[in-house]
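# Chain and residue survey
As a plain string of letters, each chain reads:
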Amino acid sequence: MYEYEIKLPITAPEDLAARLAALGFEKTGTIREEDSYYNHPERDLKQAGLALRLRKSTDLADSRLTATLNFKGQRMDSRTMSRPEYETVVADPAAAAGILTGLGYVLAAPVIKERQYFRKAAVTACIDTVEGLGTYLELEILSETAQAHDACLARLDDLLRELRLSPEDTVTLSYLDLLGY
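## What to know about the environment of alanine 51
- Tracing the sequence through the fold places alanine 51 in strand E3 (residues 51-59).
- Remark: the alpha-carbon pair of alanine 51 and alanine 94, spanning 43 residues in sequence, is separated by 19 Å.
- Setting aside its immediate chain neighbours within four residues, alanine 51 contacts Tyr37, Asn70, Phe71 and Lys72.

This is the structure we're talking about:
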């Protein structure tokens, strides 16, 4: 799977949510996400441009907890967060964390955010309020192929303009990087 993603800081999340709705995006939920990023002492994943994450998600509407294990490969370009991504559901996040530490991975840093999800066709829009960092818009399209890169990024740039935001304001750092980890 390939994730085509753009992220940028925002200052008026309520206004942006209204603009997303006006463009036909449907709000699908608000989730509290606790991301635990892991590294390995013998191979610095961050230095290699890779990411290994265990995410616990709590739906704020019904308190339902889900967890996923995620690996992100190297970025496909210097302007976006687009890259190969592999993710699977985890039944027991504590056991998954134990497996990772048992294999020698160490907890590198936590990232905690409240994320409002919006969806329209193949595009997911998230308004993220990240503890210690601020509020961001993240736009994402998932695709089975790397050949979709240019078309997906063009669609995301068009969407930014429809939202009256500038593609030049995108951030090329992860939340982990922005928090200084």
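## Quick notes on the environment of histidine 149
- By the element assignment, histidine 149 lies in helix H3 (residues 149-162).
- Sequence-wise, histidine 149 and leucine 133 are 16 residues apart; in three dimensions their C-alpha atoms are separated by 29 Å.
- Among all residues touching histidine 149, those that are not within four sequence positions of it are Tyr4, Met76, Asp77 and Ser82.
- In terms of polar contacts, histidine 149 uses its side chain to reach the side chain of aspartate 77, at 2.6 Å.

## Focus on H3
- With 14 residues, H3 extends 20 Å between its outermost C-alpha atoms, agreeing within 8% with the 20 Å of an ideal straight helix rising 1.5 Å per residue.
- Turning to H3, its buried residues number three or more, namely His149, Cys152, Leu153, Leu156, Asp157, Leu159 and Leu160. Down the axis, H3 shows its buried residues gathered within 160° of arc, on one side only. Pointing more than 90 degrees away from the buried face of H3 are the exposed residues Asp150 and Ala151.
- On its buried face, H3 sits against strand E1 (2-9), strand E7 (123-130) and strand E8 (134-143).
- Positioned one or two residues after H3, arginine 164 has a phi angle of 65°, which is positive.

## Here's the deal with the pairing of strand E4 (residues 65-72)
- Two strands pair when backbone bridges link them, and E3 and E4 are joined in this way by 8 bridges, in the antiparallel orientation. Looking at E4, one finds that lysine 56 is bridged to alanine 67.
- Counted along the chain from E3 to the antiparallel partner E4, the turn is 5 residues long, and its residue serine 63 has a positive phi close to 65°.
- Where E4 lies against strand E5 (residues 83-89), 5 bridges are found, and the strand directions are antiparallel. Bridging from a neighbouring strand, lysine 72 pairs with glutamate 85 of E5.

Each value, and the rule that gives it
- Residues numbered from 1 in each chain as written.
- Predicted model: local features only at pLDDT ≥ 70, side-chain atom pairs only at ≥ 80, totals over all residues.
- Heavy atoms only, no water.
- Helix = DSSP H or I, 4+ residues; strand = E, 2+ residues; numbered from the N terminus.
- Contact = heavy atoms within 4.5 Å.
- Polar contact = N/O pair within 3.5 Å; in protein donor to acceptor, adjacent residues only side chain to side chain.
- Expected span 1.5 Å × (residues − 1).
- Buried < 20%, exposed > 50% of the residue type's maximum accessible area, 1.4 Å probe, protein only.
- Arc of directions from axis to C-beta.
- Pairing = 2+ DSSP bridges.

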